[in-house]
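Coordinate analysis (summary)
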Amino acid sequence: MKSKLFAISLFAMAIASCNSPEKKVETVLEVTSFNIKTTVSELEFNELDAEIEETFTSKQPGFIRRQSGVDEQGRYVVLVYWKSLADAEASMNKFMSDESVANYAGMIDGSTMKMSRFTTTDELTATNSTFTEVMTFELKEGTHVEAFNAVNDRVGPEFSEKQIGFLQRITGINEAGEQVAVAYWDTKAHSDAVINDFMNAAVAKEFMGMMDQSTIDLIRFQSLSSLKNVALSNKDKVVALLNSFNSGDQTPISYINPNKYIQHNLGVADGLQGFGEVMQHAPEGGFKANVLRAFQDGDYVFTHTEYDFFGPKAGFDIFRFEDGLIVEHWDNLLPIQKPNPSGRTQFDGATTLADLDKTEANKAVVRGFIENVLLNHEMDKVANYINPTTYIQHNPAVADGLDGFGAAMKYFAENGLVMQYDELHMVLGQGNFVLSVSEGKFGKGDHTAYYDLFRLEDGLIVEHWDVIATIPAKSEWKNENGKF
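To keep things clear, this report deals only with the structure shown in the data block. Remember, it's a predicted structure, so these values are computed and weren't measured experimentally.

Each helix and strand in the protein was counted, giving 12 helices and 18 strands. Projecting the C-alpha coordinates of the protein onto the three principal axes gives extents of approximately 120 × 50 × 40 Å. When burial is assessed residue by residue, the protein has 48% of its 484 residues classed as buried. Accessible area for the protein stands at about 24100 Å²; split by element, carbon and sulfur atoms hold 52% of it. Side chains of the protein give 41 positive and 69 negative charges; the mean places of these two sets differ by 4 Å.

Quick look at the structure:
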């Protein structure tokens, strides 16, 4: 009898075991976002990203799956699933020191890099997704995690899973209490179609209402593997042309239209022949170019470069394209100077491109500053254009802040010197960077070209670089195109 009862007991335990919910396996989702440097080719970076996944990341212990993409503002995102935190950490440590990924790592703007790791029990199945939404956030103070989890679990069944093109939703949390919600879609169009509906859905309002709004970071990105017809941009071609000074690569010469190349550097003859003559007179070891910042505005590309061009120089270049070829070039060069009174050089400072949706507004701010303050001398309007508390100055002779600007103007006045803007010729911009090209007089009245590069935040100028160069007498010109 006892043996029979024991057998029944074992059978009951086995049934209970089969019916109990299966314990989900915890994995780690690593979310990394960053911008690439403005001087980096998106095409080359995208190709290298695929190579890194195949030859490095996928070979690391604990690797499950990787996805990378880019949003409309140019911010890159890499999602990697790992079996454990230890695996993720070991991979990152190796990545930081492995020479095989050095070129890839060197393309990333390190100041923009953000990385978080989250523990999740959701297994990724949406491997055919081309568009992804990643939202990280912290909960509002006083919100109970259990209550939030209950609402979080309802978002899928009550909204997301009912939408056309929705594939999967994954959620997780890290040791600091930061949350992540990832939504995978088959296409961007299907995601776009329901954004407003989601924000108006009752469950979404409840879900979003539990978050600390100041901590929300939402990135919506297209997977790199789904991008089609990515080609060298005009900016890429310019950077490659300038870098050819260092490498000797002849390929970028083909980016210049051989039948139409209008030259505004007055020390260089017109056309491709003039460019070739300069290269033939390069000193032993050739010219060198370190392109620090590169931007594109329609058919125009403008760059900020540290040159060794008949001596160390700071330079701005502008190139105009037609049908994918360079047809016109302007520049302004100045010998490299000592750091200014605030210890800043002609080259250091911010390089991160942002606010792509504010390009035209930022160009209008710079145009207003040049026209109203520098051309019309309405000095009382300076604070309308320049942030009075945060103004970083890279002019070799001027200190930071409006006080530095005022002190420079006072010095010029007391010593019979001028800094006079007479005409604004060009305003080019991309995102938070705007370049203006002006004509005027400087010092003791020398005919001068002013190239001013501005960085803006929240509609105000916060940083400035310039190259101020004397325009030679017409008798010295090697072309008839003029400086502007």
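By way of backbone hydrogen bonds, the strands of a sheet pair with one another, either parallel or antiparallel. Taken in spatial order, the five strands line up as β14-β18-β17-β16-β15 in an open sheet, and their pairing is mixed. Edge positions in the open sheet fall to β14 (392–393) and β15 (418–430), since each of these has one partner strand only. As paired elements, strand β16 (residues 433–443) and strand β17 (residues 446–457) share 10 bridges and run antiparallel to each other. What sits directly across from Leu435, in β17, is Leu453. This element, helix α11 (residues 359–375), spans β15, β16, β17 and β18 (460–470) of the sheet and lies at about 170° to β15. Contacts from helix α12 (residues 401–414) reach β15 and β16, with the element oriented near 145° to β15.

On the basis of which strands lie adjacent, the open sheet formed by five strands has the order β9-β13-β12-β11-β10 and mixed pairing. The open sheet terminates on both sides in strands that have one partner only, identified here as β9 (262–263) and β10 (288–297). Docked against the sheet, helix α9 (residues 234–247) engages β10, β11 (300–308), β12 (312–322) and β13 (325–335), running at close to 170° with respect to β10.

Looking now at the packing of aromatic side chains. Taken as a whole and judged by the stated rule, the model has 28 aromatic pairs. Relative to Phe309, the ring of Phe287 has its centre 4.5 Å away and its plane inclined at 40°; by these criteria the two rings are tilted. You can see Phe287 sitting in the loop between α10 (271–280) and β10 and its partner Phe309 sitting in the loop between β11 and β12, a full 22 residues away along the chain. For Phe287, a relative accessible area of 1% corresponds to the buried category. Ring geometry for Tyr421 versus Tyr450: centroids 4.0 Å apart, planes at 20°, classification stacked. With Tyr421 in strand β15 and Tyr450 in strand β17, this pair connects stretches of sequence that are 29 residues apart. Each member of the pair, Tyr421 as well as Tyr450, is classed as buried. An aromatic cluster is present here, built from Phe34, Phe45, Phe56, Tyr76, Phe95 and Tyr104 joined pairwise through their rings.

Now for the side chain of Gln163. Turning to its location among the elements, Gln163 is positioned in the loop between α5 (145–158) and β6 (166–173). We classify Gln163 as buried; its relative accessible area is 18%. With residues near it in sequence (within four places) discarded, Gln163 still touches Trp185 and Val194.

In this section: the nonpolar core. In this structure, Phe34, Phe45, Tyr76 and Tyr104 are the most contacted members of the largest nonpolar core, which totals 22 residues. Every element with two or more residues in this core is listed here: β1 (27–36), α2 (42–55), β2 (63–70), β3 (75–82) and α3 (85–97). Take this core: its biggest share by element is four residues, from β3. Excluding residues that lie within four positions of it along the chain, Phe34 makes contacts with Phe45, Gly74, Arg75, Tyr76, Val78, Tyr104, Ile108, Thr112 and Met113. Counting residues in hydrophobic clusters, the runner-up holds 21 residues, among them Val151, Val194, Ala201 and Met208.

Conventions and cut-offs
- Note that residues are indexed from 1 along each chain, following the sequence as it is written.
- Predicted model: local features are reported for residues with pLDDT of at least 70 only, side-chain atom pairs are reported and counted for 80 or more only, and whole-chain, interface and lining totals are derived from all residues.
- Computation of side-chain values covers all heavy atoms of the structure but excludes hydrogens and water.
- Secondary structure follows DSSP: runs of H or I at least 4 residues long count as helices, runs of E at least 2 residues long count as strands, and numbering of each begins at the N terminus.
- Relative accessibility under 20% of the residue-type maximum defines a buried residue, over 50% an exposed one, and the middle range a partly exposed one, all with a 1.4 Å probe and only protein chains included.
- Where accessible areas are quoted, they stem from the Shrake-Rupley method and a 1.4 Å probe; at the residue level, only the protein chains shown are allowed to cover.
- In summary, the charge assignment counts Lys and Arg as positive and Asp and Glu as negative, without counting His or the chain termini.
- Every charge is mapped to an atom, namely NZ of Lys, CZ of Arg, CG of Asp or CD of Glu.
- Pairing between strands requires that DSSP locate at least two bridges from one strand to the other.
- Should any heavy atoms of two residues lie within 4.5 Å, those residues are considered in contact.
- Between the N-to-C directions of two axes lies an angle of 0 to 180 degrees, each axis being a line fitted to C-alpha atoms and, for a helix, fitted only over the stretch in contact.
- Side-chain rings of Phe, Tyr and Trp, where Trp is taken by its six-membered ring, are said to pair if the distance between their centres is within 6.5 Å; with planes under 30 degrees apart they count as stacked, over 60 as edge-to-face, and otherwise as tilted.
- Put simply, a nonpolar core is a bunch of buried Ala, Val, Leu, Ile, Met, Phe, Trp, Tyr and Cys residues held in one set by side-chain atoms that sit within 4.5 Å of each other.

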